[in-house]
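Notes for the structure review
Below, each chain spelled out in residue letters.
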Amino acid sequence: WYQRRVREAVVSTQSTGRMKALILVGGFGTRLRPLTLSLPKPLVEFCNKPTVVHQIEALVEAGVTHVILGVGYRADVMETELKKHEERLGIRITLSYEDEPLGTAGPLALARKELLEYKDRPFFVLNADVVCSYPFKTMLDFHQKHGCEGTICVTKVEEPSRYGVVVYAEDGKIDRFVEKPTTFVSNRINAGLYLFNTTILERIELKPTSIEKKIFPQMSKEGELFAMELPGFWMDVGQPKDFIIGASLYLNHCAKNKPELLSSHESCHGNVLVDETAVIGKDCQIGPDVVIGPGCVIEDGVCIQRSTVMKGSKVGSHSWISNSIVGWRCRVGKWVRMEGVSVLGEDVAIKDELYVNGGRILPHKEIGVSVPNPAIIM
């Protein structure tokens, strides 16, 4: 199904023209440690697929033929992994290397030459931490209708005082941005998905610059920036708590739009995504909102809810895991209880009958005593 959709998208682009996209990968991914001690953040699997691959596949469906990644950390690992997807999708994927952190606008200036190859075409810019339904075709339609320099996606939040909010007119034209308002002015925030005409590059110098604080306010003053409300779910999955919430939102989206992706195994309840190579034992209770990766072994009597178990991990019989992330190739013993946004880095072993509450366990550790309170185990 997906390969057919990609072929259709490529055929469509050949008739309407080609497009580019820049994904802002950025730095070290410290908020998602210990997972990012093993892999760069965009390559960490979110619902059994690297976050950046979710984004690239959606961009290809919208007609993008060249994806540029602005990277400053472990670029060699990124390049090797993404080469496979470049060949599979029949597109170009190139890396734009930052010698120093350039903020959220500087990477556009750094990639200026590549972005100007299709000078008459708008290009997408994405924050690499964002997961959503990626409505890129809708963005294109909206952008073409208003005819101005930039489109940003906005999303509704319950507590706008925690964020910088976007104030805009009924037609989407942005009036102003308000940082952490103390009185209600808007409950829409920047969702980290943009579409720009190449003329925006004339505004940006090659130096560390915030696109949100320096470029967007000037564009809105000139009436050149519009907001499009993002349909469906949205989450920035750059830290463990939000990664877990984002997985729940994504699985709910799958249940409504692609139910065939979810597991129908007798032990699975609610929205559960299980790789076909994973093995689930007898009398398990898996779900709701669980992701189980390739080659995982879930022994008899295990209960897992609102959690992700990554590639090659084993969960011993009668263990109970809630609101947690089990990294790659981990070994969770029998009768273990894990909760409280616990995160196991790569190749962690938890001995039998232990309790882990909010533990962040660094890679290649063996845990022989309980972790009753949130702690980083080095």
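So, here's what we can say about the structure. As the structure is a computational prediction, the values presented were derived from the model and not from experiment. (Residues numbered from 1 in each chain as written. Predicted model: local features only at pLDDT ≥ 70, side-chain atom pairs only at ≥ 80, totals over all residues. Heavy atoms only, no water.)

With respect to the sheet that holds strand E12 (residues 272-274)
- With respect to topology, seven strands assemble into an open sheet ordered E12-E15-E18-E21-E24-E27-E29, the strand pairing being parallel. Only two strands of the sheet have a single neighbouring strand rather than two, namely E12 and strand E29 (375-377). When the angles between neighbouring strand axes are averaged without regard to direction, this sheet yields 5 degrees.
- Two elements, strand E21 (residues 324-326) and strand E24 (residues 342-344), share three bridges in a ladder whose sense is parallel. Bridging from a neighbouring strand, Val326 pairs with Leu344 of E24.
- In the packing of helix H8 (residues 240-257) onto the sheet, the strands contacted are E12, strand E15 (290-292), strand E18 (307-309), E21, E24 and strand E27 (359-361), and the crossing angle to E21 comes to about 90 degrees. (Pairing = 2+ DSSP bridges. Helix = DSSP H or I, 4+ residues; strand = E, 2+ residues; numbered from the N terminus. Axes fitted to C-alpha atoms, helices over the stretch in contact; angles between N-to-C directions. Contact = heavy atoms within 4.5 Å.)

Comments concerning helix H3 (residues 75-89)
- When the terminal C-alpha atoms of H3 are compared, their 20 Å separation across 15 residues agrees well with the 21 Å that a helix rising 1.5 Å per residue should span.
- For H3, the principal kink sits at Leu82 and spans about 30 degrees.
- Within the sequence span of H3, burial applies to Ala75, Met78, Leu82, His85, Glu86 and Leu89.
- Two residues or fewer past H3, Gly90 is found with a positive phi of approximately 70 degrees. (Expected span 1.5 Å × (residues − 1). Bend = angle between axes of the 7 residues up to and from the residue. Buried < 20%, exposed > 50% of the residue type's maximum accessible area, 1.4 Å probe, protein only.)

Some words on the sheet that holds strand E25 (residues 349-350)
- The six strands are arranged E13-E16-E19-E22-E25-E28 in an open sheet whose pairing can be described as parallel. Each having just a single partner strand, strand E13 (279-280) and strand E28 (366-367) make up the two edges of the open sheet.
- Where strand E19 (residues 314-315) meets strand E22 (residues 331-332), two bridges bridge the pair, whose relative direction is parallel. Within the sheet, the bridge partner assigned to Lys314 lies in E22 and is Arg331.

Observations regarding the nonpolar core
- Core analysis: the largest hydrophobic core is formed by 65 residues, its most contacted members being Ile23, Ile56, Leu59, Val67, Leu69, Phe124 and Phe136.
- Apart from residues no more than four positions distant in its own chain, Leu69 is found in contact with Leu22, Ile23, Val25, Val52, Met78, Leu82, Ile93, Thr94, Leu95 and Ser96. (Core = buried A, V, L, I, M, F, W, Y, C linked by side-chain atoms within 4.5 Å.)

Comments concerning the pattern of salt bridges
- Throughout the structure, instances matching the rule amount to 17 salt bridges.
- Lys207 is the partner of Glu205 in a salt bridge, and the nearest nitrogen-oxygen pair spans 4.0 Å.
- Overall, the relative accessible area of 52% leaves Glu205 in the exposed class.
- When salt bridges that share partners are traced, they join Lys20, Arg92 and Glu117 into one network. (Salt bridge = Lys/Arg side-chain N within 4 Å of Asp/Glu carboxyl O.)

A closer look at the packing of aromatic side chains
- Scanning the model with the defined rule gives eleven aromatic pairs in all.
- Ring geometry for Tyr134 versus Phe136: centroids 5.7 Å apart, planes at 20 degrees, classification stacked.
- Classification of Tyr134 as buried rests on a relative accessible area of 10%.
- Accessibility expressed as a relative area gives 1% for Phe136, which makes it buried.
- Centre to centre, the rings of Phe177 and Phe216 are 6.1 Å apart; their planes meet at 20 degrees, and the pair counts as stacked. Taken together, the positions of Phe177 in strand E8 (residues 174-179) and Phe216 in helix H7 (residues 211-221) put the pair 39 residues apart, joining distant regions of the chain.
- When its relative accessible area of 26% is taken as the criterion, Phe177 is described as partly exposed.
- Assessed through its relative accessible area of 0%, Phe216 is described here as buried.
- Here the aromatic cluster, defined as three or more aromatic residues joined through ring pairs, consists of Phe123, Phe177, Tyr194, Phe196 and Phe216.
- Over the aromatic face of Tyr118 sits the side chain of Lys20, whose NZ or CZ is 4.6 Å from the ring centroid. (Phe/Tyr/Trp six-rings, centres within 6.5 Å; stacked < 30°, edge-to-face > 60°. Lys NZ or Arg CZ within 6 Å of the ring centre and 35° of its normal.)

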